[in-house]
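# Residue-level structure breakdown
These are the residues of each chain, in order.
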Amino acid sequence: MKILVERAFGPIVEGEAVVSEEGFSPRYDLDRWTGVITKPGHKLEGTSIVDKICFFPTAKGGIAAGWAFYDIKWKKIAPKAFIFGVTNPVMVQGAVFAGIPITEGWSPHPREVVKTGDWVRVDPGRKLIEVVKRAA
Amino acid sequence: MELTPEEQAILGGGRGEAASRALKYQIEVGKFWGAKRFVPVTNVHMMGDIEVMGDAGLEFLRNEVKQRARCAVPTTTNARCMDFAHCERMGQDAGEAVKEKEIIAALRRMDVVTTDTCINYQTVYQPHLGEHVAWGDTGTVIYANSVFGARSNFEAGPAALAAALTGRTPAYGFHLEEHRKGTFAVELNAKLDDLADWGAVGKLVGESHQNYYAVPVFHGYHRTPGADELKHLGAALASYGSMGMFHFVGVTPEAPSKLPDEKMVVSDSDLEAVYRNYKLGDGDARLVVFSGPQQSLFEMKNLSLLFQNKKIKSGTTCIVTTNSAILKQSHDLGYAKILEDAGVTILEGVCFYILQNLSPMREKNRWTNMVSNSAKIVNIIGAHRFNTILRRTADCVEVACSGVLR
């Protein structure tokens, strides 16, 4: 019920998990007016990430993502945290700028521990993610 | 992180509130990546326009100006979201144009040189081997690291702006020797006659190795690639693979003498499969785009040859984007006139995928497909719900003029 992460930033947060098998970019995949993943064919197409704890295996592309996190936070459609298997500097620079918790590296793999809909707690200081309550 | 006396002074407000805030922010980012120190940078390239920044970013910038934020090193801007000469006809918001002008004015007050180009490496500043810079737009970063042997991480808008104000960036990633080694080898057993082919290579290699720290080493190619070819390769690797560096044996300055153990091959049949796998949707062929990155002078020249004595099919929109310097030369050399006579819309200082109001623009024009010779733009425009199709340059011109998509 626990995942250790390698690197982390931000305050402790709790929220509903969204676990993705596909990577993420707020520019390539996300409608930045609704917080819904709209890229045709994305494995989470149609899923809202608003107020969620988002697990993504990888980060995709894009410098423009750096402003996008601040923008969606301002619009109140940001996730509560980004949990990446592998991320890139843009995601980290963007999340730190927006004050959104972000982590990289995980053990074990989230698919063994957490499912979409579970309530999870992210503690960047202890580099720890815990499942608090299973989805009904 | 260890701070020099100068950095401690910046942190303490010696260079103003904005620089102090910027350094605090950079320390948080540096700590995440385990950076032990800062490195001074000589040049900054930043992304900042109303489409990517939104009202939140604009408000942030207003505060920076109030705090008299000022660049400590030469700083240029990336492509933006509006060409004011075309924005009304393109259906962009007048209110957003006012904000865009405010952003440009704010950046200039901070001493940012608003070049509005994503091909700074071809037209504005070429750093030398080992030079530390802080560049944004992933295509510029991978070119700086790979082709020049300069050193930069992907620096997002807020991070690049912070580097501009402090004149430094945290030493992690591609600033460090240990991340600049090749991690897997790619044999190029293909002709690669068109720029789209180079982007397709970037797609194949990037998609299969999505990792910022994966550094492909290309080898076995039968001739020396040109700057535009490496540009499309790099832009696609950065886009599909989130990669910041590649090596090209015999071409790039830090290419290793020994190949990494992991190996892959890209052949002509792999490329044909890339083109074949794009779904044509409803067959809509009314939008053809040459952008992402902006066109170089030689790309403009080639397009003018392909569009000579041709006309864009009625009802089709064909867009070319470049920067102001290339556009001026293209006018002087007659390339722009040929394109305009053919019915091409040339946009200056922008990139298609960040155009303000792009989703409503797509709906209003009932565009469903976007055809391009840029593998990068084909990848990154999905959130606007385009079905995208990569085609070779001459094929794109053919689609634009015939209205038939194959």
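Residues numbered from 1 in each chain as written. Chains lettered and ligands numbered in written order. Predicted model: local features only at pLDDT ≥ 70, side-chain atom pairs only at ≥ 80, totals over all residues.

## What about the packing of helix 8 (residues 195-207) of chain B against helix 9 (residues 227-241) of chain B?
In helix packing, the relevant descriptors are the interaxial angle and the interaxial distance, both defined with respect to the helix axes. Residue and element names in this part refer to chain B. Let me state the cut-off plainly: Fitted lines through C-alpha atoms give the axes, limited to the stretch in contact for helices. The angle between two N-to-C directions lies from 0 to 180 degrees. The helix count covers DSSP runs of H or I at least four residues long, the strand count covers runs of E at least two residues long, and both are numbered beginning at the N terminus. Oblique is the label for every angle not falling under 35 degrees (roughly parallel), over 145 degrees (roughly antiparallel), or within 65 to 115 degrees (roughly perpendicular). Throughout, a crossing is termed right-handed when the near helix is turned clockwise from the far one, and left-handed when it is turned anticlockwise from it by less than a right angle. Working definition of a contact: two residues with C-beta atoms, positioned from the backbone, lying within 7 Å. When residue character is reported, Ala, Val, Leu, Ile, Met, Phe, Trp, Tyr, Cys and Pro are called nonpolar, Asp, Glu, Lys and Arg charged, and the others, Gly included, polar.
Two numbers describe how helix 8 lies on helix 9: the axes approach to 7 Å, and their chain directions differ by 30°. As the angle between them shows, helix 8 and helix 9 are arranged roughly parallel. Pair helix 8 / helix 9 crosses with right-handed handedness. Residue-level contacts link Leu195, Trp198, Gly199, Val201, Gly202, Lys203, Val205, Gly206 and Glu207 of helix 8 to Asp228, Glu229, His232, Leu233, Ala235, Ala236, Leu237, Ser239, Tyr240 and Gly241 of helix 9. Looking at the contact of helix 8 with helix 9, its residues break down into 9 nonpolar, 6 polar and 4 charged.

## Here we look at the confidence of the model for chain A
Applicable threshold: The predictor rates its confidence in each residue with pLDDT, a number between 0 and 100.
When pLDDT is averaged along chain A, the result is 93; 99% of the residues meet or exceed 70. Considering each helix and strand of chain A separately, the mean pLDDT is smallest for strand 3 (residues 30-31) of chain A, with a value of 87, and largest for strand 8 (residues 119-123) of chain A, with 98.

## Notes on the sheet that holds strand 14 (residues 387-390) of chain B
Residues and elements named next belong to chain B. Condition: Here, any two strands with at least 2 DSSP bridges between them count as paired.
With parallel pairing, 5 strands are arranged side by side in an open sheet as 12-11-10-13-14. Looking at which strands have only one partner, the edges of the open sheet turn out to be strand 12 (345-348) and strand 14. Strand-to-strand twist across the sheet, computed as the mean angle between neighbouring axes with direction ignored, equals 25°. Alignment of strand 13 (residues 369-372) against strand 14, held across 4 bridges, turns out to be parallel. When the sheet's bridge partners are listed, Asn369 is paired in strand 14 with Asn387.

## Overview of the environment of Ala85(B)
Residue and element names in this part refer to chain B. Our working rule: To sort residues by burial, count the other C-beta atoms lying within 10 Å of each one's C-beta; a count of 20 or more means buried, 12 or fewer means exposed, and anything in between means partly exposed. C-beta atoms are built from the backbone.
On the secondary structure map, Ala85 appears in the loop between strand 3 (75-77) and helix 4 (94-109). For Ala85, a count of 12 C-beta atoms within 10 Å gives the class exposed. In this structure, the C-alpha to C-alpha distance between Ala85 and Glu348, residues 263 residues apart in sequence, is 8.8 Å.

## Considerations on the interface of chain B and chain A
Contacts between the two partners involve 34 residues from chain B, matched on the other side by 34 residues from chain A. Among the elements of the structure, helix 2 (17-32), helix 3 (50-66), helix 7 (157-166), helix 9 and helix 15 (375-380) of chain B are those that each provide at least two residues to the side of chain B that touches chain A. Counting residues per element, the side of chain B that touches chain A draws most heavily on helix 3 of chain B, at 6 residues. In the side of chain B that touches chain A, the residues fall into 16 nonpolar, 14 polar and 4 charged.

## Some words on the pairing of strand 14 of chain B
Inclusion rule: When the strands point away from the viewer and the connection leading from the first strand across the helix to the second strand turns clockwise, the crossover is called right-handed.
Burial along strand 14 of chain B is two-sided: Asn387(B) and Ile389(B) and Thr388(B) and Leu390(B), pointing in opposite directions, are all buried. Handedness of the crossover joining strand 13 of chain B and strand 14 of chain B through helix 15 of chain B: right-handed.

## Thoughts on the pairing of strand 5 (residues 52-56) of chain A
All names here are of chain A. Across the 5 residues that make up strand 5, a large majority, 5, are buried. Here strand 5 shows two buried faces, one formed by Lys52, Cys54 and Phe56 and the other by Ile53 and Phe55. For strand 2 (residues 13-19) and strand 5, the ladder comprises 4 bridges, and the chain directions are parallel. Each residue of the ladder has a partner; that of Val19, found in strand 5, is Phe55. Sheet topology note: the strand 5/strand 6 (residues 81-84) ladder contains 4 bridges and is parallel. Among the inter-strand pairings, Phe56 is bridged to a residue of strand 6, identified as Phe84.

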